[in-house]
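Structural features, examined
If you want the building blocks of each chain, they are given just below.
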Amino acid sequence: MHYNKEERTKLLVAFTHTLDQLAETAAQLTEAESAKAQAASAKEHDKMDSFLKKEQALLLKLRGLEQQRVRQTGELGFKDLTFRQILAQADEEEVSALSPIFTKLERQLADLTEARESADRMIQVRLREFEHVLGTGRPGGGPGTDSSSHFHDRYV
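Residues numbered from 1 in each chain as written. Predicted model: local features only at pLDDT ≥ 70, side-chain atom pairs only at ≥ 80, totals over all residues. Heavy atoms only, no water.

Across its full length, the chain carries 5 helices and 0 strands. Listed N to C, the secondary structure of the chain is α-α-α-α-α in terms of helices and strands. In the chain, buried positions account for 29% of the 156 residues. Residue pairs in contact within the chain that sit at least 24 positions apart in sequence constitute 67% of those at least 6 positions apart. (Helix = DSSP H or I, 4+ residues; strand = E, 2+ residues; numbered from the N terminus. Buried < 20%, exposed > 50% of the residue type's maximum accessible area, 1.4 Å probe, protein only. Contact = heavy atoms within 4.5 Å.)

Written as structure tokens, this is what we have:
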């Protein structure tokens with residue numbers, strides 16, 4: 001697709017706006033993941049439901065923005081290209097507009113990955129604790145085999 005300079009500029013502005021929104025949504029997801037990890041660490045399990053609902057909404061938003069980004073990269077002639085490949089093909093003006101937002105988005109996604117891994121580790125620790133309380137974390141153990149634990153009797 002060939003566009004005149006004005007049309008291409010409009011597409012580029014829309015694309016950078018989408019990338020900004022992706023970075024902002026990734027930042028919000030990072031905050032949610034960090035809060036989830038903190039709640040799991042502090043054994044505040046009652047807060048998990050609200051974190052999971054917020055996370056679901058943000059993930060839906062992220063998917064929509066990603067679909068928009070894919071469409072826009074196609075319109076700009078950058079279909080299936082990585083950020084680095086886009087920068088290699090873009091003209092000087094486009095590189096100066098895109099480079100900072102790519103850097104920001106890359107940083108936000110790295111932060112999100114780190115926060116998600118931390119939350120997952122903490123949740124796994126809590127799940128192992130629950131399994132231990134239920135007696136499923138011990139060899140030969142199972143619900144009702146440990147008379148010191150009445151968790152299973154009361155809640156399951």
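Relative to the helices and strands, Thr30 resides in helix α1 (residues 5-41). Among the polar contacts made by the side chain of Thr30, one reaches the main-chain amide nitrogen of Leu112 at a distance of 3.4 Å. (Polar contact = N/O pair within 3.5 Å; in protein donor to acceptor, adjacent residues only side chain to side chain.)

Now for the packing of aromatic side chains. Counting across every chain of the model gives 2 aromatic pairs. Relative to Phe102, the ring of Phe15 has its centre 6.5 Å away and its plane inclined at 80 degrees; by these criteria the two rings are edge-to-face. Linking Phe15 in helix α1 with Phe102 in helix α4 (residues 92-134), this pair joins segments that are 87 residues apart in sequence. Ring geometry for Phe83 and Phe102: centres 4.1 Å apart, planes at 10 degrees, overall stacked. Remark: Phe102 occurs in helix α4 and Phe83 occurs in helix α3 (residues 83-89); sequence separation between them is 19 residues. Taken together, the ring pairs in this structure connect Phe15, Phe83 and Phe102 into an aromatic cluster. (Phe/Tyr/Trp six-rings, centres within 6.5 Å; stacked < 30°, edge-to-face > 60°.)

With 28 residues, helix α2 (residues 48-75) should reach 40 Å at 1.5 Å per residue; the first-to-last C-alpha distance of 40 Å fits that figure. Residues of α2 that are buried include every one of Met48, Phe51, Glu55, Leu58, Leu62, Leu65, Arg69, Gln72 and Thr73, and no others. Where α2 is buried, its residues contact α1, α3 and α4. Remark: Gly77 follows α2 within two positions and exhibits a positive phi of approximately 85 degrees. (Expected span 1.5 Å × (residues − 1).)

This part takes up unusual backbone geometry. The residue Lys43 is not glycine, and still its phi comes out positive at about 60 degrees. Here the phi dihedral of Asp80 falls at roughly 65 degrees; this positive angle occurs in a residue that is not glycine. Residue classification places Asp80 among the exposed residues on the basis of a relative accessible area of 70%.

Once that is clear, we can look at the nonpolar core. In this structure, Phe15, Leu19, Leu22, Leu76, Leu98 and Phe102 are the most contacted members of the largest nonpolar core, which totals 20 residues. If you tally residues by element for this core, the top one is α1, at 8 residues. Not counting the four nearest positions on each side in its chain, Phe15 is found in contact with Arg69, Gln72, Thr73, Leu76, Leu98 and Phe102. (Core = buried A, V, L, I, M, F, W, Y, C linked by side-chain atoms within 4.5 Å.)

Quick look at the environment of Arg84 now. Secondary-structure assignment places Arg84 in helix α3. Along the backbone, Arg84 and Phe102 are 18 residues apart, and their C-alpha atoms lie at a distance of 8.8 Å.

Before going further, it helps to spend a moment on the packing of α1 against α4. Taken N-terminus to C-terminus, the directions of α1 and α4 make an angle of 20 degrees; their axes are 8 Å apart at the nearest point. By the angle between their axes, α1 is roughly parallel relative to α4. In this structure, α1 crosses over α4, and the sense of that crossing is left-handed. Here the contact of α1 with α4 is built from residues that sort into 21 nonpolar, 6 polar and 11 charged. (Axes fitted to C-alpha atoms, helices over the stretch in contact; angles between N-to-C directions. Parallel < 35°, antiparallel > 145°, perpendicular 65-115°, else oblique. Left-handed = near helix turned anticlockwise from the far one by under 90°. Nonpolar A, V, L, I, M, F, W, Y, C, P; charged D, E, K, R; others polar.)

Right, let's get into the pattern of salt bridges. If you walk through the whole model with that rule in mind, you get 15 salt bridges. Here Glu33 makes a salt bridge to Arg116, at a shortest N to O gap of 3.8 Å. One end of the pair, Glu33, is in helix α1; the other, Arg116, is in helix α4, with 83 residues separating them in the sequence. Taking relative accessible area as the criterion, Glu33 reaches 0% and is therefore assigned buried. The class for Arg116 is partly exposed, based on a relative accessible area of 33%. Among the ionic pairs, Glu55 bridges to Arg116, the shortest N-O distance being 3.4 Å. Taken together, the residues Glu55 in helix α2 and Arg116 in helix α4 connect sequence positions 61 residues apart. (Salt bridge = Lys/Arg side-chain N within 4 Å of Asp/Glu carboxyl O.)

Taken by themselves, the reported measurements are silent on function.
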